[in-house]
Amino acid sequence: MGRNPRNQLQPCVYHVTHRCHGRSFLLKFQRDRRAYLERLREASRRFPVDVLSYMVTANHVHLLLWAERARAVSDGMHFLQGSFAGDWNRRKKREGAFWRGRYHPTLVQNGRHLSRCLFYIDLNMVRARACRHPSEWVGGAFGEICGERQRYRIVNRERLLWCLGMPGDPSFPAWYRAT
């Protein structure tokens, strides 16, 4: 009798995207993006999911997550999206959907595929011409990834470096900025 593959651990990286309802710009204010990030930090503490990167834009979010099981991502996203939407609706004295349907997860391979996804997420608001450099956007992980932001961190840099095949590499911040 063979082993059941469903019971084996399969650590994976997921690129998760989620749009605001009706593609509305519900996250256009820094205050709202910061509130989302606080809930993301809380979710990363409550659930066995490591945040590798994030970008909160005005109308959608990108998350790069690592987890041993897909269920952990599902549980974490349920908490994150539900609690944030409830907070936002209460604060705005509003009812109804905040998010456009379910979030969209995509599996990401370690190494080169992961690094391309990382840069894609970081450059999202640069491509949208909302800022000139990822470090300028409130709601992105660039400062955490480069090691510039030390307080209230969400990104697990050790896990990110491990997934990139660069564990403990002291040259990573310089490489990341230059690339």
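Keep in mind the model is a prediction, meaning the values are calculated, not measured.

## Side note on the sheet that holds strand S4 (residues 104-108)
As a general point, the strands of a sheet are linked pairwise by backbone hydrogen bonds and lie either parallel or antiparallel.
Reasoning step 1: What the four strands build is an open sheet, ordered S2-S3-S1-S4; its pairing is antiparallel. Pairing within the sheet leaves two strands with one partner each, and these edge strands are strand S2 (49-56) and S4. Here the strands of the sheet are splayed against their neighbours by 20° on average, with no regard to which way each runs.
Reasoning step 2: Along the sheet face, helix H1 (residues 30-46) touches S2 and strand S3 (60-67) and points at about 170° away from the line of S2.

## Remarks on helix H6 (residues 157-164)
Reasoning step 1: Of all the positions in H6, only Arg 157, Leu 160, Leu 161, Cys 163 and Leu 164 are classed as buried. Down the axis of H6, the buried set is contained in an arc of 160°. They therefore lie on one face.
Reasoning step 2: Buried residues along H6 sit against strand S1 (12-19), S2, S3, helix H3 (112-122), helix H5 (142-145) and helix H7 (172-178).
Reasoning step 3: Phi turns positive, to about 80°, at Gly 165, one or two residues after H6.

## With respect to the environment of Cys 20
Reasoning step 1: Here Cys 20 lies in the loop between S1 and H1.
Reasoning step 2: Take Cys 20: its relative accessible area is 0%, and that puts it in the buried class.
Reasoning step 3: With 40 residues separating them in the primary sequence, Cys 20 and His 60 have C-alpha atoms 5.6 Å apart.
Reasoning step 4: When near neighbours in sequence (up to four residues on either side) are disregarded, Cys 20 contacts Leu 26, Leu 27, Ala 58, Asn 59, His 60, Phe 98, Trp 99 and Arg 100.

## Describing the nonpolar core
Generally speaking, soluble globular proteins have nonpolar side chains that are buried together.
Reasoning step 1: If you look at the biggest cluster of nonpolar residues, it comprises 55 residues, and the most contacted ones within it are Tyr 36, Tyr 54, Leu 63, Leu 64, Val 73, Phe 98 and Trp 99.
Reasoning step 2: Ranked by residue count, the leading element in this core is helix H2 (residues 70-92), at eight residues.
Reasoning step 3: Setting aside its immediate chain neighbours within four residues, Val 73 contacts Tyr 14, Val 16, Val 49, Leu 65, Ala 67 and Tyr 103.

## Some remarks on unusual backbone geometry
Reasoning step 1: Its identity is not glycine, yet Arg 23 carries a phi of approximately 55°, on the positive side.
Reasoning step 2: With respect to the secondary-structure elements, Arg 23 resides in the loop between S1 and H1.
Reasoning step 3: Residue class for Arg 23 comes out partly exposed when judged on its relative accessible area of 46%.
Reasoning step 4: Despite not being glycine, Arg 129 shows a phi value in the positive range, around 60°.
Reasoning step 5: Mapping Arg 129 onto the fold places it in the loop between helix H4 (124-127) and H5.

## Side note on the pattern of salt bridges
Reasoning step 1: Throughout the structure, instances matching the rule amount to nine salt bridges.
Reasoning step 2: Here Asp 87 makes a salt bridge to Arg 39, at a shortest N to O gap of 2.7 Å. Of this pair, Asp 87 sits in helix H2 while Arg 39 sits in helix H1, and the two are 48 residues apart along the sequence.
Reasoning step 3: Asp 87 gets classed as partly exposed once you look at its relative accessible area, which sits at 26%.
Reasoning step 4: Put simply, Asp 50 and Arg 159 hold a salt bridge, and the shortest N to O gap is 2.8 Å. Residue Asp 50 is located in strand S2, and its partner Arg 159 is located in helix H6; the two are separated by 109 residues in the primary sequence.
Reasoning step 5: Overall, the relative accessible area of 24% leaves Arg 159 in the partly exposed class.
Reasoning step 6: Three or more residues are tied together by salt bridges with common partners; here these are Arg 39, Glu 42, Arg 46, Asp 87 and Arg 90.

Here is what the cut-offs are and how they apply
Residues numbered from 1 in each chain as written. Predicted model: local features only at pLDDT ≥ 70, side-chain atom pairs only at ≥ 80, totals over all residues. Heavy atoms only, no water. Pairing = 2+ DSSP bridges. Helix = DSSP H or I, 4+ residues; strand = E, 2+ residues; numbered from the N terminus. Axes fitted to C-alpha atoms, helices over the stretch in contact; angles between N-to-C directions. Contact = heavy atoms within 4.5 Å. Buried < 20%, exposed > 50% of the residue type's maximum accessible area, 1.4 Å probe, protein only. Arc of directions from axis to C-beta. Core = buried A, V, L, I, M, F, W, Y, C linked by side-chain atoms within 4.5 Å. Salt bridge = Lys/Arg side-chain N within 4 Å of Asp/Glu carboxyl O.

That's the geometry; what it means functionally is another story.
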